[in-house]
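Here are the chains, one letter per residue:
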Amino acid sequence: MKRKLNLLPLIIVAIIFFALNAYVLSGLGTINQSTWLSPIFWVFIVGLTFALLYAIQQMRIQGMNRFFQIISHAFLIIFAAELVFAFFLLLGDVYRLLLGLSTNFQPEGFHILGRSNYWVDFAFVMFCLTIALFAYGITQGKYAYRVIKHTLYFNDLPASFDGFTLTQISDVHAGSFTNPKAVQKGIDMINAQKSDLFVFTGDLVNNASSEIVPYIGHFSQIKAPFGQFSVLGNHDYGDYIKWPTEADKLQNLNQLKAYHQELGFKLLLDEHVELHKNGDKIILAGIENWGIGFGERGDLNKALLNTSVNDFKILLSHDPSHWDAQVKNYPSKIQLSLAGHTHGMQFGIEAFGIKWSPVKYRYKHWAGIKTENGRYLNVNRGFGFLGFSGRIGIWPEITVIELKKK
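Bear in mind that the values here come from a model prediction, so they are computed numbers and not experimental data.

Peer 1: How do you make sense of helix 5 (residues 180–192) when you look at a structure like this?
Peer 2: For helix 5, built from 13 residues, the straight-helix expectation of 18 Å at 1.5 Å per residue is met to within 8% by its first-to-last C-alpha distance of 18 Å. Among the residues making up helix 5, those that are buried are A182, V183, Q184, G186, I187 and I190. Elements that come into contact with the buried residues of helix 5 comprise strand 2 (164–169), strand 3 (197–200), helix 6 (216–219) and strand 14 (397–405). Of the residues flanking the end of helix 5, it is K194, one or two places downstream, whose phi is positive at about 50 degrees.

Here you go:
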């Protein structure tokens, strides 16, 4: 039976979208009274909207091609800039209305002041700055790698591992890369940390294993004295595209696992290894992806089989929702968990004491260090990018963690 399309939500969204544009046009008309402004504005908006609808239709057939990326990003930038313009325009209009209401108590009676060109000019400047910000995020921000360092203290850290360092990256999403030279800059920054251990916490590709092939030569340069270890993320299983058969999908996953080995990464699939130093040891465990809403494949019990409650343990688990659901209260203490997945939504602000991203409404802890119940979680903001081909305010991250004994 063919599913009936519910047009009401689409109609509501269309009405809101065109009402927003009409309001923006009214503001632009304050600073430009040309007769050609309105027809050119509507031709552009309607044309961009139909181009987006066509791009979405083609995407369902051909996937995310270049045309879809260009049109979707153009639409996103214009829409975001219009929201900013409308916000400041509305502030000015509300102020004018309040001034008009205050005259009810004056002899001259009620009236509404005209729009101030200076205020509309300011709103337009913010419109232009928003476009510039998105342009920077798309051209430069997505490769603006940051090294973020943490020193964590533990009562039960084996003495020989006092001062032990590890470097973590996550969410490479190799299929999104377009600039190998910029990626190499990130690889060089990873190696420059000279950490004892390197870990990767999942999402090597967007969908297909072949996406990593052009970058095997880059990521295989990463070396650490105690080894390079990895786990799978939700995108690595090929769940988000249609495969000819289940056998093809399984073959893709097996090929991706082989590429991990080619990169020099030891892939931990619900298992652990022991890292030894001067007679002491720590446990490094990794599980298959476990995330609420993204597949609960991993088996923590299996990963920690034959470990002791007294062992110092580090866990690689792609999705931070796993930490809240199982890890932070797991009977056998896991001192440090490393995750990724959120990307910090590739958009937000972390400055002047402010830490905000829309992703906070989906994940309780979405970036950086979290401590609870005597255990630590670090959520890496991601090395790559997905969907939106850029980053604004939430930059690609290389995490360096030093373990210290209290």
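Alright, that's what it looks like, and here's the rest.
Peer 1: What exactly am I supposed to notice about the domain arrangement of the protein chain here?
Peer 2: How big an interface is tends to be expressed through the accessible area that disappears when the partners come together. In terms of domains, the protein chain is made up of domain 1 (7–140) and domain 2 (144–405). If you average the C-alpha positions of domain 1 and of domain 2, the two centres end up 39 Å apart. In this complex, domain 1 contributes 8 residues to the contact, which on the side of domain 2 involves 8 residues. For the pair domain 1 and domain 2, the summed buried surface comes to about 710 Å²; carbon and sulfur atoms form 70% of the total. Three residues, H73, F134 and G137, lead the burial of domain 1 against domain 2; their summed loss comes to 46% of the area buried on that side. Here domain 1 is connected to domain 2 by 0 salt bridges.

Peer 1: When you look at the layout of surface pockets in this model, what are you seeing that I'm missing?
Peer 2: In this approach a probe as big as a water molecule rolls over the atoms, and the regions it shows empty are the leftover space. Within this model, the second largest pocket holds a volume of roughly 410 Å³. Considering the residues around the second largest pocket, the lining is formed by 20 residues, among which T342, H343, M345, Q346 and V359 are closest to the centre. Counted by class, the lining of the second largest pocket contains 10 nonpolar, 7 polar and 3 charged residues.

Peer 1: Where do I start with the sheet that holds strand 14 in this structure?
Peer 2: To summarise the sheet geometry, strands pair through backbone hydrogen bonds and adopt either a parallel or an antiparallel arrangement. Reading across from one edge, 1-14-2-3-4-5 is the order of the 6 strands in this open sheet, with mixed pairing throughout. At either margin of the open sheet sits one strand with a lone partner, and together these are strand 1 (146–154) and strand 5 (266–267). Here strand 4 (residues 228–230) runs beside strand 5; their pairing, made up of 2 bridges, is parallel. Each bridged residue has a counterpart across the sheet, and for F229 the counterpart in strand 5 is K266. Taken strand by strand, helix 5 contacts strand 1, strand 2, strand 3 and strand 14, and its axis lies near 10 degrees from that of strand 14.

What counts, and at which threshold
Residues numbered from 1 in each chain as written. Predicted model: local features only at pLDDT ≥ 70, side-chain atom pairs only at ≥ 80, totals over all residues. Heavy atoms only, no water. Helix = DSSP H or I, 4+ residues; strand = E, 2+ residues; numbered from the N terminus. Expected span 1.5 Å × (residues − 1). Buried < 20%, exposed > 50% of the residue type's maximum accessible area, 1.4 Å probe, protein only. Contact = heavy atoms within 4.5 Å. Domains from an automatic or database assignment. Buried area = accessible area lost by both parts, 1.4 Å probe. Salt bridge = Lys/Arg side-chain N within 4 Å of Asp/Glu carboxyl O. 1 Å grid on protein atoms, 1.4 Å probe; cavity = no way out; pocket = protein on both sides within 12 Å on 5 of 7 lines; lining within 4 Å. Points joined across faces, edges and corners; volume = space filled by probe spheres on them. Nonpolar A, V, L, I, M, F, W, Y, C, P; charged D, E, K, R; others polar. Pairing = 2+ DSSP bridges. Axes fitted to C-alpha atoms, helices over the stretch in contact; angles between N-to-C directions.

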